[in-house]
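The lines below spell out each chain.
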Amino acid sequence: MPKEIYLVKVGMNMTEGVVEEWYIADGATVDKGELLYRLETEKVNLDVDAETSGTVKHLVGEGVTMKPGDVVGYIYAPDEAIPDVLPQAQAAAAESVAESAPVAASPARPAASSTVDGRILSSPAARRLAGELKVDIAALNGSGPGGRIVEADVQAAADAAQPAAPSPSSPMARKLARELGVDLAQVRGTGPGGRITKDDVERAAAAPPAPAAAPVFASGEDRVVPVRGMRKTIATRMFESLQSSAQLTMDMDANMDDAVKLRNQLVDEWQDEGVRPTYTDLVIRAAAKALEKHPLMNSVFGETEMTLRGDINVGMAVALGEGLIVPVVRHANRLSMKELARESARLAEAAREGTLTPDDLQDGTFTVSALGMFGVDAFTPIINAPQSGILGVNRLRDDLKWVGEVPMKTQVMRLSLTWDHRALDGAPAAQFLATVRELLEAPFRLLV
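Now for a look at the structure at hand. (Residues numbered from 1 in each chain as written. Predicted model: local features only at pLDDT ≥ 70, side-chain atom pairs only at ≥ 80, totals over all residues. Heavy atoms only, no water.)

1. Concerning the sheet that holds strand β20 (residues 406-420)
Put simply, the rule reads: Pairing between two strands requires that DSSP report at least two bridges joining them. The helix and strand labels rest on DSSP assignments: H or I over at least four residues marks a helix, E over at least two residues marks a strand, and numbering proceeds from the N terminus. Whether two residues are in contact is decided by their heavy atoms, any of which lying within 4.5 Å being enough. Axis definition: a line fitted to C-alpha atoms, limited for helices to the stretch in contact. Angles are taken between N-to-C directions and run from 0 to 180 degrees.
The strand order β11-β20-β19-β18-β14-β17 describes an open sheet built from 6 strands, whose pairing is mixed. Lying at the two open borders of the sheet, with one neighbouring strand each, are β11 (247-255) and β17 (328-329). Examined bridge by bridge, β11 and β20 share 9 bridges and lie antiparallel to one another. Bridge pairing in β20 links Asn 255 to Val 412. Each of β11, β19 (389-403) and β20 touches helix α7 (residues 257-269); the most contacted strand, β20, lies at about 90° to it.

2. Quick look at the packing of aromatic side chains
Between two aromatic rings, the relevant description is the distance of the centres plus the angle of the planes. Going by this rule: Each pair of aromatic rings taken from Phe, Tyr and Trp, with Trp reduced to its six-membered ring, is defined by centres within 6.5 Å and is described as stacked if the planes are under 30 degrees apart, edge-to-face if over 60, and tilted in the remaining cases. Buried means the residue's accessible area, taken with a 1.4 Å probe over protein chains only, is under 20% of the maximum for its type, while exposed means over 50%, and partly exposed covers the values in between. Our definition puts a charge over a ring when NZ of Lys or CZ of Arg is within 6 Å of the ring centre and also within 35 degrees of the ring normal.
On inspection of all chains with the given rule, the structure shows 3 aromatic pairs. On the basis of an interplanar angle of 55° and a centroid distance of 6.3 Å, the ring pair of Tyr 74 and Tyr 76 is categorised as tilted. Accessibility classification places Tyr 74 together with Tyr 76 in one group, the buried group. The ring of Tyr 279 carries the charged tip of Arg 263 above its face, separated from the ring centre by 4.9 Å.

3. Regarding the packing of helix α8 (residues 279-293) against helix α10 (residues 426-441)
Applied cut-off: The cut-offs work like this: below 35 degrees is roughly parallel, past 145 is roughly antiparallel, 65 to 115 is roughly perpendicular, and the gaps in between are oblique. In this scheme, a crossing is called left-handed if the near helix is turned counterclockwise away from the far one by less than a right angle; it is called right-handed if the turn is clockwise. In this count, Pro and Cys sit with the nonpolar residues alongside Ala, Val, Leu, Ile, Met, Phe, Trp and Tyr, while Asp, Glu, Lys and Arg are called charged and the others, Gly among them, polar.
Put simply, α8 and α10 touch, their axes get as near as 9 Å, and they point 130° apart. The pairing of α8 with α10 is recorded here as oblique in orientation. Handedness of the α8/α10 crossing: right-handed. Taken together, the residues of α10 that come into contact with α8 (itself represented by Leu 282, Val 283, Ala 286, Ala 287, Lys 289, Ala 290, Leu 291 and Lys 293) are Phe 432, Thr 435, Val 436, Leu 439 and Leu 440. Grouping the amino acids of the contact of α8 with α10 by side-chain chemistry returns 10 nonpolar, 1 polar and 2 charged.

4. Considering helix α9 (residues 337-353)
Our working rule: The length a helix should cover is 1.5 Å for every residue beyond the first.
Here α9 is 17 residues long and its end C-alpha atoms lie 24 Å apart, about the 24 Å a rise of 1.5 Å per residue gives. Listing the buried residues of α9 in full gives Met 337, Leu 340, Ala 341, Ser 344, Leu 347, Ala 348, Ala 350 and Ala 351. On its buried face, α9 sits against α7, α8, β14 (314-316), β15 (318-320), β16 (323-325) and β17. One or two residues past the end of α9 sits Gly 354, with phi positive at roughly 75°.

5. Looking at the pairing of β20
Alignment of β19 against β20, held across 13 bridges, turns out to be antiparallel. Each residue of the ladder has a partner; that of Arg 397, found in β20, is Val 412. What sits between β19 and β20 in their antiparallel hairpin is a turn of 2 residues, with Gly 404 showing a positive phi close to 70°.

6. Things to note about the nonpolar core
Counted only if it meets this: Here, the term nonpolar core denotes a set of buried Ala, Val, Leu, Ile, Met, Phe, Trp, Tyr and Cys residues that are joined through side-chain atoms within 4.5 Å.
Leu 36, Leu 391 and Leu 440 are the most contacted members of the largest nonpolar core, which has 76 residues in total. At 8 residues, the largest contribution of residues to this core is made by α8. In contact with Leu 36, other than residues within four places in its own chain, are Ile 5, Trp 22, Tyr 23, Ile 24, Val 30, Val 48, Asp 49, Ala 50, Val 56 and Ile 75. Ranked by size, the runner-up nonpolar core spans 9 residues in total, among them Ala 126, Leu 129, Ile 137 and Ala 158.

7. Considering the pattern of salt bridges
Which entries qualify depends on this criterion: By definition here, a salt bridge exists when the distance from a side-chain nitrogen of Lys or Arg to a carboxyl oxygen of Asp or Glu is within 4 Å.
By the definition in use, this model includes 18 salt bridges. The shortest N-O distance in the salt bridge between Arg 346 and Glu 343 comes to 2.9 Å. Residue Arg 346 and its partner Glu 343 are both found in helix α9; the two are separated by 3 residues, about one turn of the helix. Its relative accessible area of 21% is what places Glu 343 among the partly exposed residues.

8. Describing the sheet that holds strand β8 (residues 71-76)
Spatial strand order, β1-β8-β6-β3: 4 strands in an open sheet with antiparallel pairing. One side of each edge strand has no neighbouring strand; the edge strands of this open sheet are β1 (3-6) and β3 (29-30).

Next up, the structure:
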């Protein structure tokens, strides 16, 4: 019996995922432990290893939305006969499975000339893609049910019209290229048959970057961008958050003169240890200590009861090119300032490199979101449901304060708090925010 390849489940909250990239081509061989495919989920991406050796057969193509545990392919042992038609897994895949399965893995279908009332049988996704890629859909052969044209047919036609594909590359080379931001199409392979190796990618990353050509779009032309993965999750959860809670936002300025001095001192003090605290770290620490005094802000509001969370786990929003992700600083109130700075740096780096684990993203009880680095003075952050609050960190700006009759320059940061009015009213929310401000204005209290 062939070994089934499952869509791996990562984390208790994972509901769907896709094979973002097959590292082993359909019909190629794989060794146990070798990278098999790259999984894209709602929150994290990770590489999946082969559990056994043999010949890989794809059941679904890249980009197909599946449920955790669904079968996406098989590995046949060297002594096993591979059937012309793969066994169909008992998997509840999304509708796009039929539209995205590789053409080569499907038996021959009737030609696309099959019509209903004069209309060519084709899926909406296939027609949309044909418009984007300028493919004549009437000239295609459909591989879907009843000769229906699906996305894979359109993509195959577009690929056939393109120049020759770039040199083949090893899974490790592709993985490293993603991490280093190297375009494999611009890399010359030195391996057997022109195969791109890990060393080729490292050399390309070290070379001076060539100026990138700006994309060219026809004037007035619409561009359709798929909404999936992280972007889809963000859109769904932000909308649900606003629909399911009573959110209000208030702003409060904090004098940061002493916080600036403290941070500079800590940067110098911990330089040899590679620890560099940020202003956001100071705010996370202040919020964690304030949550101890204001437990209503560290709560979950339910239909018939409200839960005051025992742990204080502060999520820190990290902006990525494809969206926003919120790794969690666990027990932020128990960590020292140095431990917190080290942990937040680890989480931020892992988020940018795509190496966060499911545990890094779970059990947050409150969130801090920073936009100050973009010059933002105030904004309205949306609560990361089912939490009851989120604190926005704005830019550090020059301002004036009066000492008697004398104006003096000072540095100020505006804090933007969004809270769930179902869980607490405006006065206790303001008290929480005032405690955060007091801790930032007397920042040495953050060290104890």
